[in-house]
Amino acid sequence: MKRFRFRLGSVLRVRRIERDRARAALAASVARCRGLEAACARERAATAGAIDGLARALGAGLRGRDVAIAAMGADHGVREGERAALELARERARERELRGELVAAEARVRGLERLRERALEAHRAEVARAEQSALDEAAGFARRARSQEVA
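For the structure given in this document, a descriptive report is provided here.

Rules and cut-offs
- Residues numbered from 1 in each chain as written.
- Predicted model: local features only at pLDDT ≥ 70, side-chain atom pairs only at ≥ 80, totals over all residues.
- Heavy atoms only, no water.
- Helix = DSSP H or I, 4+ residues; strand = E, 2+ residues; numbered from the N terminus.
- Rg over C-alpha atoms; globule rule 2.2 N^0.38 Å.
- Buried < 20%, exposed > 50% of the residue type's maximum accessible area, 1.4 Å probe, protein only.
- Contact = heavy atoms within 4.5 Å.
- Areas by Shrake-Rupley, 256 points an atom, 1.4 Å probe, with all protein chains shown as cover.
- Patch = residues over 30% accessible without salt bridge, like charges linked within 9 Å, V, L, I, M, F, W, Y side chains within 5 Å.
- Salt bridge = Lys/Arg side-chain N within 4 Å of Asp/Glu carboxyl O.

## A closer look at the overall build of the protein chain
Here's step 1: A count of helical and extended segments in the protein chain gives two helices and zero strands.
Here's step 2: In terms of overall size, the protein chain is more extended than a compact globule, its C-alpha atoms giving a radius of gyration of 36 Å where 151 residues would be expected to give roughly 15 Å.
Here's step 3: Across its three principal axes, the protein chain shows a C-alpha extent of roughly 130 × 20 × 15 Å.
Here's step 4: By residue count, 23% of the 151 residues in the protein chain fall in the buried class.
Here's step 5: Excluding contacts between residues fewer than 6 apart, the proportion of contacts in the protein chain whose partners are at least 24 apart in sequence is 86%.
Here's step 6: Summing over all exposed atoms, the protein chain offers an accessible surface of approximately 11,000 Å²; the carbon and sulfur share of this is 55%.

So, in structure tokens, the structure goes:
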């Protein structure tokens, strides 16, 4: 009997590659989100420090240029924090999109793998039937040969 060959084997290989790429893209996005979360935390800390510096400058009775510099630092920290938060929100949306793509890719692979398993089971059943038929035929020849010897 000939070997088992899944006719959609090349499609299954391509789908597995797509799934692996989707996994890698999602992993990269998750790592980027972690980095952006850390950047947001740093910006919050820097902004809090700048605001504390502004409060100290005002509390110390400083005026003019020193207060303006402290205020600009606080304002810059707020803007950078907002920028980082916006970038993080975009990356989280991208991560959700990539997660959906991965789920779809895994479903395509599972579907093809189920088809492959069914085809393999059918092939094994056909091989078993062919072997049984060959054994039955051989047994029939042996029975006829014995019955002719006895007669």
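What follows picks up the thread again.
## Concerning the environment of Arg44
Here's step 1: Relative to the elements of secondary structure, Arg44 occurs in helix 1 (residues 9-59).
Here's step 2: Residues Arg44 and Val78 lie 34 residues apart in sequence; the distance between their C-alpha atoms is 7.8 Å.

## Observations regarding a nonpolar patch on the surface
Here's step 1: On the surface, a cluster of nonpolar side chains totalling about 200 Å² of accessible area is made up of Leu8, Val11 and Leu115.
Here's step 2: By the element assignment, Leu8 lies in the segment before helix 1.

## Considerations on the pattern of salt bridges
Here's step 1: Going through the model one piece at a time under the given rule, you end up with 14 salt bridges.
Here's step 2: The residue Arg19 makes a salt bridge to Asp20 at a minimum N-O spacing of 3.6 Å.
Here's step 3: A salt bridge links Arg129 to Glu126, with the shortest nitrogen-to-oxygen separation between them at 3.0 Å. Here the residue Arg129 and the residue Glu126 both occupy positions in helix 2 (residues 65-150), the gap between them amounting to three residues, near one helical turn.
Here's step 4: Taking the relative accessible area as the measure of exposure, Arg129 reaches 52% and is therefore exposed.
Here's step 5: Take Glu126: its relative accessible area is 33%, and that puts it in the partly exposed class.
Here's step 6: Via salt bridges that share partners, Arg32, Glu80, Arg83, Glu87 and Glu91 belong to a single interconnected network.

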